[in-house]
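# Fold and geometry: a report
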Amino acid sequence: MQVNTQVLKTSRKTKETDISLEFNLRGSGVNSINTPMNFFTHMLEQLSYHGKFDINLDAKSLDNDFHHIVEDVAIVLGCAFKDALGDKKGITRYASVFLPMDDALCHCALDISGRAFCKCNFNIKDERTSDFETVLLVHFYNTFAQNAGVTLHLKQIDGYDTHHIIEASFKAFGRALKAACSIDSTASDELPSTKGIL
């Protein structure tokens, strides 16, 4: 099995953002995350903790546009996740998680397939919660899926509190990622595909 157990270091600097990341797929959920958006930082901490990914992230905005911060963080995280999976031998590949948070209930199903696809179904009435524009939620997930090469379905089953809905989605996402990239002890040296490629 060739899943990378080392800390990956990567960065992305554009005219819009300056981002540095240290990422460990096989961590314990330890994180140090700094973005200019308090709510987004909080959600990334949930992703780290519930996925058990060690994340050391520093994201600076150079143009004061939070859209670019969310997009570029998703790019860097997605690429790091893909690189950490190596040749994907032995991984479980699929996962499905229902996660409740008070009034909110979200479902995340994903396939580490090598085929980038994202479908999100949220019913969020508020345009923002705290310092986070809710339209950026789907943008984050879509950008991550495109760069990680995963098929991702996220659906809000219930809920009315915007904070709870978004947080439940991040927790479900983290737990589903953790399950999908876990090693299948019955096939630890096999690629989980009849095609022989992922």
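So, here is what we can say about the structure in this document.

The rules behind each value
Residues numbered from 1 in each chain as written. Predicted model: local features only at pLDDT ≥ 70, side-chain atom pairs only at ≥ 80, totals over all residues. Heavy atoms only, no water. Pairing = 2+ DSSP bridges. Helix = DSSP H or I, 4+ residues; strand = E, 2+ residues; numbered from the N terminus. Right-handed = clockwise from strand over helix to strand, strands pointing away. Expected span 1.5 Å × (residues − 1). Contact = heavy atoms within 4.5 Å. Axes fitted to C-alpha atoms, helices over the stretch in contact; angles between N-to-C directions. Left-handed = near helix turned anticlockwise from the far one by under 90°. Nonpolar A, V, L, I, M, F, W, Y, C, P; charged D, E, K, R; others polar. Polar contact = N/O pair within 3.5 Å; in protein donor to acceptor, adjacent residues only side chain to side chain. Salt bridge = Lys/Arg side-chain N within 4 Å of Asp/Glu carboxyl O. Patch = residues over 30% accessible without salt bridge, like charges linked within 9 Å, V, L, I, M, F, W, Y side chains within 5 Å. Areas by Shrake-Rupley, 256 points an atom, 1.4 Å probe, with all protein chains shown as cover. Lys, Arg positive; Asp, Glu negative; His and termini not counted. Charge placed at Lys NZ, Arg CZ, Asp CG, Glu CD. Buried < 20%, exposed > 50% of the residue type's maximum accessible area, 1.4 Å probe, protein only.

Before going further, it helps to examine the pairing of strand S3 (residues 31-34). Consecutive side chains of a regular strand alternate in pointing toward one face of the sheet and then the other. The pairing of S3 with strand S4 (residues 54-61) spans four bridges and is classified as parallel. Note that in S4 the partner of serine 32 across the bridge is asparagine 56. On the question of chirality, the crossover connecting S3 to the parallel S4 by way of helix H1 (residues 38-51) is left-handed.

This paragraph deals with helix H3 (residues 135-148). When the terminal C-alpha atoms of H3 are compared, their 21 Å separation across 14 residues agrees well with the 20 Å that a helix rising 1.5 Å per residue should span. Where H3 is buried, its residues contact H1, helix H2 (66-84), strand S7 (117-121), strand S9 (132-133), strand S10 (151-158) and helix H4 (162-180). Once H3 finishes, glycine 149 follows within two positions and takes phi at roughly 70°, a positive value.

Following both chains from N to C, one finds H1 and H4 inclined at 30°, their axes separated by 7 Å at the closest point. Crossing handedness for the pair H1 and H4: right-handed. Facing Phe39, His42, Met43, Gln46, Leu47, His50 and Gly51 of H1, the residues of H4 in contact are His163, Ile166, Glu167, Phe170, Lys171, Phe173, Gly174, Arg175, Leu177 and Lys178. A per-class count over the contact of H1 with H4 returns seven nonpolar, six polar and four charged.

Attention now moves to H2. Look at H2: 27 Å from first C-alpha to last across 19 residues, which is about the 27 Å you get at 1.5 Å a residue. Capping the start of H2, aspartate 65 holds a side-chain oxygen 3.0 Å from the backbone nitrogen of histidine 67, two or three residues further along. Glycine 86 sits one or two residues past H2 and shows a positive phi near 60°.

On to the pattern of salt bridges. Taken as a whole and judged by the stated rule, the model has five salt bridges. Among the ionic pairs, aspartate 111 bridges to arginine 93, the shortest N-O distance being 2.6 Å. Note that aspartate 111 is positioned in strand S6 (residues 104-111) and arginine 93 in the loop between H2 and strand S5 (94-101), a separation of 18 residues in sequence.

Together, Asp65, Asp126, Glu127 and Glu133 make up a region of like negative charge exposed at the surface. Structurally, aspartate 126 is set in the loop between S7 and strand S8 (128-129). Look at aspartate 126 and you get partly exposed, because its relative accessible area is 39%.

With mixed pairing, the four strands of this open sheet are ordered in space as S5-S6-S10-S7. Edge positions in the sheet fall to S5 and S7, since each has one partner strand and no second. Direction aside, the axes of adjacent strands within the sheet are offset by 10° on average. Sheet topology places S5 next to S6; eight bridges connect them, and they run antiparallel. Within S6, the position partnered with valine 97 by the bridge is cysteine 108. Each of S7 and S10 is contacted by H3, which is oriented at about 160° to S7, the strand it contacts most.

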